[in-house]
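Residue strings, one per chain:
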Amino acid sequence: QVQLVESGGGLVQPGGSLRLSCVASKSINIISAMGWYRQAPGKQRELVARITSGGDTNYLEDVKGRFTISRDIAKNTVYLQMNSLKAEDTAVYYCNAEYGPIVARAYWGRGTQVTVSS
């Protein structure tokens, strides 16, 4: 199993920045992929950014050029740097890990609230 703990959410004005962190209980070297998802009220959870164990990344089209996913393997931590935030980025952000000895399954953190408002 993998435990994930997010931090870094909060209230920020439009155009501002936040950095989310997700600490994993296992070495992220052995986790197939980690990602950030978000869920706004009344909407489905959506993938925001994902990074594989090989370092490949992919992003939701709407956040390309504004958000960056990165990792610190020594700290078992994945980050989401969010710049030029918009009101529509307001959501609960969840850390996700895909891990399994044979078949990868999804693990989730509890989420951290990001609110973009003036």
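Just so it is clear, the structure is predicted and the values come from calculations on it, not from any experiment.

Cut-offs used in this document
Residues numbered from 1 in each chain as written. Predicted model: local features only at pLDDT ≥ 70, side-chain atom pairs only at ≥ 80, totals over all residues. Heavy atoms only, no water. Disulfide = S-S within 2.5 Å. Helix = DSSP H or I, 4+ residues; strand = E, 2+ residues; numbered from the N terminus. Buried < 20%, exposed > 50% of the residue type's maximum accessible area, 1.4 Å probe, protein only. Pairing = 2+ DSSP bridges. Axes fitted to C-alpha atoms, helices over the stretch in contact; angles between N-to-C directions. Salt bridge = Lys/Arg side-chain N within 4 Å of Asp/Glu carboxyl O. Phe/Tyr/Trp six-rings, centres within 6.5 Å; stacked < 30°, edge-to-face > 60°. Lys NZ or Arg CZ within 6 Å of the ring centre and 35° of its normal. 1 Å grid on protein atoms, 1.4 Å probe; cavity = no way out; pocket = protein on both sides within 12 Å on 5 of 7 lines; lining within 4 Å. Points joined across faces, edges and corners; volume = space filled by probe spheres on them. Nonpolar A, V, L, I, M, F, W, Y, C, P; charged D, E, K, R; others polar.

Participant: Could you clarify how one ought to interpret the state of the cysteines in this entry?
Facilitator: Note: disulfide means a covalent bond formed between the sulfur atoms of two cysteine side chains. For the structure shown, the criterion picks out one disulfide. Across a sulfur-sulfur distance of 2.0 Å, Cys22 and Cys95 are joined as a disulfide pair. Taking the sign of the S-S torsion, about -80 degrees here, the bridge from Cys22 to Cys95 comes out left-handed. Of this pair, Cys22 sits in strand β3 (residues 18-24) while Cys95 sits in strand β9 (residues 91-99), placing them 73 residues apart in sequence. A single burial state applies to Cys22 and to Cys95, both of which are buried.

Participant: What is the right way to read the sheet that holds strand β1 (residues 4-7) from this model?
Facilitator: Strands in a sheet are paired, the pairing made by backbone hydrogen bonds, and the direction either parallel or antiparallel. Across the sheet, which stays open at both edges, the four strands sit in the order β1-β3-β8-β7 with antiparallel pairing between neighbours. The sheet terminates laterally at β1 and β7 (67-72), the two strands that pair on one side only. Averaged over neighbouring strand pairs, the angle between their axes works out to 15 degrees when direction is ignored.

Participant: Any chance you could explain the pattern of salt bridges here in plain terms?
Facilitator: Where charged atoms from two side chains of opposite charge come close, those side chains can pair. Across all of its chains, the model carries seven salt bridges by this definition. Among the salt bridges present, the one from Arg38 reaches Asp89, with a minimum N-O distance of 3.0 Å. Residue Arg38 is found in strand β4 (residues 33-39), and its partner Asp89 is found in the loop between β8 (77-82) and β9; the two are separated by 51 residues along the sequence. Both residues of the pair, Arg38 and Asp89, belong to the buried class. For Arg66, the salt bridge goes to Asp89, with nearest N and O atoms at 2.8 Å. With Arg66 in the loop between β6 (57-59) and β7 and Asp89 in the loop between β8 and β9, this residue pair connects regions lying 23 residues apart in the sequence. Among the residues examined, Asp89 registers a relative accessible area of 0% and is labelled buried.

Participant: How do you make sense of unusual backbone geometry when you look at a structure like this?
Facilitator: One can expect most non-glycine residues to show negative phi and most peptide bonds to be in trans. The phi dihedral of Asn76 is positive, around 55 degrees, even though this residue is not glycine. For Asn76, the location among the structural elements is in the loop between β7 and β8. One non-glycine residue, Ser84, lies in the positive phi region at around 50 degrees. Mapped onto the fold, Ser84 is located in the loop between β8 and β9.

Participant: Could you clarify how one ought to interpret the packing of aromatic side chains in this entry?
Facilitator: The description of an aromatic ring pair rests on the distance of the ring centres and on the angle between the ring planes. For the coordinates displayed, the defined rule picks out one aromatic pair. Each ring, one from Tyr37 and one from Trp108, has its centre 4.9 Å from the other, and the planes form 70 degrees; the classification is edge-to-face. Within this pair, whereas Tyr37 is found in strand β4, its partner Trp108 is found in strand β10 (residues 105-108), the two being separated by 71 residues in sequence. Note that Arg45 overlies the ring of Trp108, its terminal NZ or CZ placed 4.6 Å from the centroid. Across from the ring centre of Tyr107, 4.2 Å away, lies the NZ or CZ of Arg105, which sits over that ring.

Participant: Mind showing me how you'd approach empty space enclosed by the protein here?
Facilitator: Counted according to the given criterion, the structure contains one cavity of 30 Å³ or more. The space that makes up the largest cavity amounts to roughly 50 Å³. Forming the walls of the largest cavity are Ile28, Ile31, Ala33, Met34, Ile51, Thr52, Ser53, Arg71 and Val78. When contributions to the lining of the largest cavity are tallied by element, the ones reaching two or more residues are β4 and β5 (46-52). Partitioning the lining of the largest cavity into residue classes produces six nonpolar, two polar and one charged.

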